[in-house]
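What follows is the residue order along each chain.
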Amino acid sequence: GPLSDRLAKLSGRIALTGDLIADYRSTLARARKIGIPLSRQVRREARHAMRPIEKAHVLARLQLQIIMSEHGWD
């Protein structure tokens with residue numbers, strides 16, 4: 001029903017944004033490991049680009065927690 005659709009949508013959003021965050025972190029770590037210098041501008045732009053994704057990840061997790069709490073699934 002509608003509830004399971006909402007839960008599935010939120011779960012998908014959590015997984016997608018989590019994957020993007022993990023890719024971002026692993027890419028920066030790999031660049032550091034092999035010694036590729038990243039300019040301050042590149043690091044700033046990458047951080048700036050990730051902010052909306054990180055916010056969407058936290059928001060989806062909170063929405064999922066609220067829905068589960070409302071239905072007694074603590």
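See the structure above.
Below or above, wherever it landed, is the structure these notes cover. Counting of residues starts from 1 at the beginning of each chain's written sequence and follows it residue by residue. Confidence filtering applies because this is a predicted model: local features only for residues at pLDDT of at least 70, side-chain atom pairs given and counted only at 80 or more, and all residues used for totals across whole chains, interfaces and linings. Side-chain calculation: all heavy atoms of the structure are included, whereas hydrogens and water are not.

Each helix and strand counted, the chain has two helices and zero strands in total. Against the 2.2 N^0.38 benchmark of 11 Å for 74 residues, the chain shows a C-alpha radius of gyration of 17 Å, more extended than a compact globule. The principal-axis extents of the C-alpha atoms in the chain amount to approximately 50 × 20 × 20 Å. When a residue's accessible area, from a 1.4 Å probe over protein chains only, is under 20% of the maximum for its type it is buried; when over 50% it is exposed; and in between it is partly exposed. Taken over 74 residues, the chain has a buried fraction of 16%. Contacts: residue pairs with any heavy atoms within 4.5 Å of one another. Sequence separation of at least 24 residues holds for 86% of the intrachain contacts in the chain that already meet a minimum separation of 6. Areas reported as accessible are Shrake-Rupley estimates using a 1.4 Å probe. Residue values count occlusion only from the protein chains shown. Just so you have it, the chain exposes about 5800 Å², and 59% of that area is on carbon and sulfur atoms. Under the counting rule used here, the positive set is Lys and Arg, the negative set is Asp and Glu, and His together with the chain ends is not counted. Taken as the charge centre is NZ of Lys, CZ of Arg, CG of Asp or CD of Glu, depending on the residue. Taking the 14 positively charged and 7 negatively charged side chains of the chain as two groups, their mean positions are separated by 12 Å. Put simply, DSSP H or I for four residues or longer makes a helix, DSSP E for two residues or longer makes a strand, and each gets a number counted from the N terminus. Computation of the radius of gyration draws on C-alpha atoms alone. For the globule rule, the value is 2.2 Å times the number of residues to the power 0.38.

Okay, helix α1 (residues 2-33) next. The span you would expect from a helix comes to 1.5 Å times its residue count less one. Under the 1.5 Å per step criterion, the end-to-end length of α1 is 46 Å for 32 residues, consistent within 8% with the ideal 46 Å. Inspection of α1 places L7, L10, I14, T17, I21, Y24 and A31 among the buried residues, and these make up the whole buried set. Looking at the buried positions of α1, the neighbouring elements they touch are α2 (40-70). Two residues or fewer past α1, G35 is found with a positive phi of approximately 80°.

The residue K9 is located in helix α1 in this model. Overall, K9 belongs to the exposed group, its relative accessible area being 55%. The spacing of K9 and R61 is 52 residues in sequence and 11 Å in space, taken between C-alpha atoms.

If you check α2, its first and last C-alpha atoms are 45 Å apart, about what 31 residues at 1.5 Å a residue would give, namely 45 Å. Roughly 30° is the biggest bend found in α2, and it falls at R51, with proline P52 one to four residues downstream. Considered for burial, the residues of α2 that qualify are M50, H57, A60, L64 and I67. Of the surrounding elements, those touching the buried residues of α2 are α1. Directly beyond the C-terminal end of α2, a positive phi value near 75° is found at G72. One fitted axis covers the seven residues ending at a residue, a second covers the seven starting there, and the bend at that residue is the angle between these axes.

In short, the description is geometric, and any link to function would need to be established separately.
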